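The primary structure of each chain is shown beneath.
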Amino acid sequence: MNENEDRGKAATEAALNRIARLVADRPGQAQLHVLHHGAPILDVCVRCDPDTPFLLWSTGKPFTALAVHHLAERGLLDLDAPIADHWPEYGRAGKQSVTPRHALTHTTGAPLSTRHVVGDAWIMHDWDRSVRAAAAARPKREPGRDPAYHILSQGFILGELLQRVTGTPLAEYLDTNILGPAGLANTHLGLPNSLWDTRTVLEISKAPRTSFPDRVKVRRFATKAVRTAPIPAATVHSTARDVARFYQLLLNGGGIDGVTVFHPETVRAAREPAASQATHIHPDPIVGHAIRWSHGFQLGWGTRATRTTGTTRTAEPFGTTAGEDVFGHNGSNYCNAWADPEHGLVFAYLTSLMTPRTQALAWQTELSDLVRAAVSGSGEAV
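The notes below deal with the structure included here. Since we're looking at a predicted model, the values are computed, not measured.

Thresholds applied
Residues numbered from 1 in each chain as written. Predicted model: local features only at pLDDT ≥ 70, side-chain atom pairs only at ≥ 80, totals over all residues. Heavy atoms only, no water. Bend = angle between axes of the 7 residues up to and from the residue. Helix = DSSP H or I, 4+ residues; strand = E, 2+ residues; numbered from the N terminus. Buried < 20%, exposed > 50% of the residue type's maximum accessible area, 1.4 Å probe, protein only. Contact = heavy atoms within 4.5 Å. Pairing = 2+ DSSP bridges. Expected span 1.5 Å × (residues − 1). Phe/Tyr/Trp six-rings, centres within 6.5 Å; stacked < 30°, edge-to-face > 60°. Lys NZ or Arg CZ within 6 Å of the ring centre and 35° of its normal. Salt bridge = Lys/Arg side-chain N within 4 Å of Asp/Glu carboxyl O.

**Regarding helix 7 (residues 170-182)**
Part 1 of the reasoning: At Thr176, helix 7 shows its largest bend, some 40 degrees.
Part 2 of the reasoning: If you check which residues of helix 7 are buried, you get Leu170, Tyr173, Leu174, Ile178, Leu179 and Ala182.
Part 3 of the reasoning: Next to the buried residues of helix 7 lie helix 2 (61-73), helix 5 (127-136), helix 6 (153-166), strand 4 (188-189), helix 10 (240-251) and strand 7 (255-256).
Part 4 of the reasoning: One or two steps after helix 7, the chain reaches Gly183, where phi turns positive at roughly 75 degrees.

Below, the structure written as structure tokens:
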């Protein structure tokens, strides 16, 4: 190794050490695990153990999405055939043409199962009530058009569809076909009762802008009835190491340690940008800012957009430097995971701390940018 390479390696290590200190200095429990070309370069645990289970919020959504892609891979499901072919009740109220592809890309036209997200959250711990509500929901726009974020309903739509096709509970299908083969021993849909005493305890920031709805959300998700329930879009529990391993598997094309979990074509299909956003990006009517979607993941923006384009605000939890091929999923701006094919990077950050929305998203964006800068030779930006 020559002198320039030595200096570059030292700069990268210094930048990574500063990132670790930034994470450690924040309140609450946290885990950060970063892989570079498959090797760990950051493994930070703050006031917890490496196997402490964290609530993933929406960062857990891709597990159910990939399970549906797995059904398509096996020839058990056509992503472009109506959901009602397998779940007749879902086809009522004007949703007879809605397909699994629409659900994967948040374009069913019926993002809420009830009249408000509060109503969806009130029944989310009850699978049967949530499924009935999703089936009864009436679309507010034509399926396949501009996306509207399905905060909770996506998981129940895809999860119930999988159960109708296979006759197997979603949690069991995940364990048998994805989590087990992938070696994700610390990942669960709904926190097992046996792990209740080891869970992270959700905390609310003392920041004055923490809203009443945020405080209510923390109290709701702190209950055992919710944390242990199988809520596909919200209550996957895992560790940063497991989440990073999942994304490394996807970055590898569907396999890890000699085990093939998905065919490469399946991973490519999940990462393919949604056709509904091929030309125009619109603000999401549910969350208020634009999101680039694939068929199960959020995508980086690349040079496509800035943080504000006219009246369209964009969220950039994967960093302002994330290319268009970066894929992952933000979780209520608290948890975050992504893979960056260009830089060979996998990033998983989990925390128990709830801060005001703008502050939380800014932290996710900054942390993602700092990690990418550290490994791309611009670690001095840290």
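More follows now that the structure is in view.
**Here's the deal with the side chain of Thr200**
Part 1 of the reasoning: Following the sequence through the fold, Thr200 ends up in the loop between strand 4 and strand 5 (203-204).
Part 2 of the reasoning: In this view, Thr200 contacts Gln29, Thr52, Pro53, Phe54, Leu55, Arg227 and Ser352; residues no more than four positions away in its chain are not counted.

**Quick notes on the sheet that holds strand 4**
Part 1 of the reasoning: The three strands lie next to each other as 3-6-4, forming an open sheet whose pairing is antiparallel. With one partner strand each, in any of the chains shown, strand 3 (54-55) and strand 4 form the two edges of the open sheet.
Part 2 of the reasoning: As paired elements, strand 4 and strand 6 (residues 236-238) share two bridges and run antiparallel to each other. Residue pairing in the sheet places Leu189 in a bridge with Val236 of strand 6.

**Considerations on the environment of Thr12**
Part 1 of the reasoning: With respect to the helices, strands and loops of the structure, Thr12 is situated in helix 1 (residues 3-25).
Part 2 of the reasoning: The exposure class of Thr12 is partly exposed, given its relative accessible area of 24%.

**A short note on helix 10**
Part 1 of the reasoning: Taking 1.5 Å of rise per residue, the 12 residues of helix 10 would be expected to cover 16 Å, and the 16 Å separating its terminal C-alpha atoms lies within 8% of that figure.
Part 2 of the reasoning: When you tally the buried positions in helix 10, you get nine out of 12 residues, the bulk of the element.
Part 3 of the reasoning: Among all positions of helix 10, only Ala240, Asp242, Val243, Ala244, Phe246, Tyr247, Gln248, Leu249 and Leu250 are buried.

**Considerations on the packing of aromatic side chains**
Part 1 of the reasoning: Applying the stated rule across the entire model yields 12 aromatic pairs.
Part 2 of the reasoning: Between Trp57 and Phe221 the ring centres are 4.6 Å apart and the planes differ by 55 degrees, which places this aromatic pair in the tilted class. Here the residue Trp57 occupies a position in the loop between strand 3 and helix 2, and Phe221 occupies one in helix 8 (residues 212-221), the gap between them amounting to 164 residues.
Part 3 of the reasoning: Between the aromatic rings of Trp127 and Phe156, the centroid separation amounts to 5.3 Å while the plane-to-plane angle is 80 degrees, which identifies the pairing as edge-to-face. Here the residue Trp127 occupies a position in helix 5, and Phe156 occupies one in helix 6, the gap between them amounting to 29 residues.
Part 4 of the reasoning: Judged by relative accessible area, Trp127 falls into the buried class, the value being 14%.
Part 5 of the reasoning: An aromatic cluster is built from Phe63, Phe246, Tyr247, Phe297 and Phe327, whose rings are joined through pairwise contacts.
Part 6 of the reasoning: Positioned over the ring face of Trp338 is Arg372, at 4.5 Å from the centre of the ring.

**Comments concerning the pattern of salt bridges**
Part 1 of the reasoning: This model, assessed by the stated rule, comprises nine salt bridges.
Part 2 of the reasoning: In this structure, Arg164 engages Glu89 in a salt bridge whose closest nitrogen and oxygen atoms are separated by 3.2 Å. Of this pair, Arg164 sits in helix 6 while Glu89 sits in the loop between helix 2 and helix 3 (100-104); the two residues are 75 residues apart in sequence, bridging distant segments of the chain.
Part 3 of the reasoning: In this structure Arg164 comes out as partly exposed when scored by relative accessible area, which is 33%.
Part 4 of the reasoning: A salt bridge links Arg245 to Asp257; the nearest nitrogen and oxygen atoms lie 2.8 Å apart. Of this pair, Arg245 sits in helix 10 while Asp257 sits in the loop between strand 7 and strand 8 (259-260), and the two are 12 residues apart along the sequence.
Part 5 of the reasoning: For Arg245, a relative accessible area of 25% puts it in the partly exposed group.
Part 6 of the reasoning: Residue classification places Asp257 among the exposed positions, given a relative accessible area of 63%.
Part 7 of the reasoning: Members of the salt-bridge network, linked through shared partners, are Glu89, Glu160 and Arg164.

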